[in-house]
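# Structure assessment
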Amino acid sequence: MDSPAPETRPDPRNPRAVAAHLRAAALAAVDPARAVAAALARDTQAGTLTVAGHPLALDQFDRIFALGAGKAGAAMAQAAEAALGDLSTWQGGLVIVKDPPPRPGPATIELVQAGHPLPDARGVEAAQRIGALARAAGPHDLVLVLISGGGSALLADPAPGLTLDVLGDVTNRLLRAGATIGELNTVRKHLSALKGGQLAGRGAPATVVALILSDVVGSPLDVIASGPTVPDPSTYADALAVLDRYELRGDIPVAARAHLEAGAAGTIPETPKPGDPLFERVITHIIGDNRRAALAAVEAARGLGLHAALLSTYIEGEAREVGRVLAGIAKELHAGDQPLSRPACLVAGGETTVTVRGDGQGGRNQELALGAALALDGWGAGVAVATLATDGGDGSGDAAGAFADGTTVARARAAGLDAQAALAANDSFHFWQALGDAVVTGPTGTNVNDLAFIIAV
């Protein structure tokens, strides 16, 4: 980890140190174990479990078990076991994760590592086991579903007649075309067996409690991990429209296209829609999101004496162009003391996309920072844009983001690096690695989209 503990007080006139401090504060605010523990309010004397204002009498359940998928799955599973594991009705469970846990996992919940962002055979096998466990639940059982970012790929669940290779091909084409997470998940839900409310359908008539750590801009429940426990407002026709938008319908595997077209024609049942009675016994609750992390960073900046505010948690668009825009805001802070007087910090959150044209290595946060660096060239060390993928992984490589200031391009030139060429090749990873300004946190155990810190001192 390159970030200091949140209580460490850095020099508020040092943008690099400020950015590290804000990273730590933001990540601490969305620690998944704390979030799960807070969400499962258990009253041992009354024998109740209250989730999102819904009290549940624990003695009504014959069995309680946990299922889930996501990058924060290990920590969420540990917290769930700590909250409920002493009950005689507790059955443990199964959660699919991207990385092995940084510490020993829960004793009663099996953690299965699978592929992300492209699904793999491990995810398929684990998803089939999750589907079977949910189907075995009865009307007097409680199914705790733990969902976090990455869950859509990790819960690799091809619909009948489709294969993992088909899902991987469609996912890869959409990612490379620059599709948003909402567009990607609209398609995946209709090529899947558990997404789009279908996991809740498998679990009915059991009581289902889903705890969600959101990694989607605006936290729409039907988009996060492709909404396995909530109604799906999208249709097969919507999925085809996404493919047509990127001119991919004719390029995806024939089996996928045939499946979607059959669904649009009504020969394959739709995913469960709003109003379906199967959701009457389903509670879905967001326990952490990008806004919570961003506001924690704002408060941390204020604690250092900076004038700070939240810019937005709805930032989307092409990463390099968003970087130029954030650099423009940084310049205004520095040159005009607007919209805040210096020293100042604006925090932005969301999720950008990268249209891949080159053959380099990188990720959206690193590319955003590179776009910002080019726009900040010549503005000095007092103005900066720092980026962070809150899960610790930004595309390929081991970087979570990068730190760019008004000296970045000049320092790169002196080191024999060409920032513009790196951007053209989508090779931000090697650029930041060579310059020494990559942000490397390692897996953080959480995932709530991306953050950018715009700093002017």
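Just above sits the structure.
A brief look at the structure comes next. (Residues numbered from 1 in each chain as written. Predicted model: local features only at pLDDT ≥ 70, side-chain atom pairs only at ≥ 80, totals over all residues. Heavy atoms only, no water.)

## With respect to the overall build of the protein
Looking only at helices and strands, one finds 16 helices and 15 strands in the protein. A compact globule built from 457 residues should have a C-alpha radius of gyration of about 23 Å, and the protein, at 22 Å, falls within 12% of that. Along the longest, intermediate and shortest principal axes, the C-alpha atoms of the protein span 65 × 60 × 35 Å. Sorting the 457 residues of the protein into buried and exposed places 55% on the buried side. Long-range contacts, defined here as pairs at least 24 residues apart, represent 78% of the contacts in the protein between residues at least 6 apart. Within the structure as shown, the protein displays about 17,100 Å² of accessible surface, and the carbon and sulfur contribution to it stands at 52%. Each charge sign in the protein was given a centre, from 35 positive and 48 negative side chains, and these centres are 2 Å apart. (Helix = DSSP H or I, 4+ residues; strand = E, 2+ residues; numbered from the N terminus. Rg over C-alpha atoms; globule rule 2.2 N^0.38 Å. Buried < 20%, exposed > 50% of the residue type's maximum accessible area, 1.4 Å probe, protein only. Contact = heavy atoms within 4.5 Å. Areas by Shrake-Rupley, 256 points an atom, 1.4 Å probe, with all protein chains shown as cover. Lys, Arg positive; Asp, Glu negative; His and termini not counted. Charge placed at Lys NZ, Arg CZ, Asp CG, Glu CD.)

## Some thoughts on the sheet that holds strand E10 (residues 307–315)
With mixed pairing, six strands are arranged side by side in an open sheet as E10-E11-E15-E12-E13-E14. Each edge of the open sheet carries a strand with a single partner, namely E10 and strand E14 (438–439). Pairing between strand E12 (residues 380–389) and strand E15 (residues 450–456): seven bridges, direction antiparallel. Bridging from a neighbouring strand, valine 383 pairs with alanine 456 of E15. (Pairing = 2+ DSSP bridges.)

## Structural notes on the nonpolar core
Counting residues in each nonpolar core, the largest one holds 61 residues, and the members touching the most others are Leu40, Leu84, Leu144, Leu146 and Leu211. Apart from residues lying up to four places away in sequence, leucine 84 is in contact with Leu40, Arg42, Leu49, Ile64, Trp90 and Leu144. Counting residues in hydrophobic clusters, the runner-up holds 30 residues, among them Phe65, Leu67, Ala114 and Ala127. (Core = buried A, V, L, I, M, F, W, Y, C linked by side-chain atoms within 4.5 Å.)

## Description of helix H10 (residues 254–264)
Those residues of H10 not exposed but buried are Ala256, His259, Leu260 and Gly263. Along the long axis of H10, the arc covered by the buried residues comes to 90°, so they all point the same way. One or two residues past the end of H10 sits glycine 266, with phi positive at roughly 90°. (Arc of directions from axis to C-beta.)

## Describing the pattern of salt bridges
The final tally for this structure, using the stated rule, is 23 salt bridges. The partner of aspartate 86 in a salt bridge is arginine 42, with the nearest N and O atoms 2.6 Å apart. You can see aspartate 86 sitting in the loop between helix H3 (73–84) and strand E5 (90–97) and its partner arginine 42 sitting in strand E1 (residues 41–43), a full 44 residues away along the chain. The exposure class of aspartate 86 is exposed, given its relative accessible area of 59%. (Salt bridge = Lys/Arg side-chain N within 4 Å of Asp/Glu carboxyl O.)

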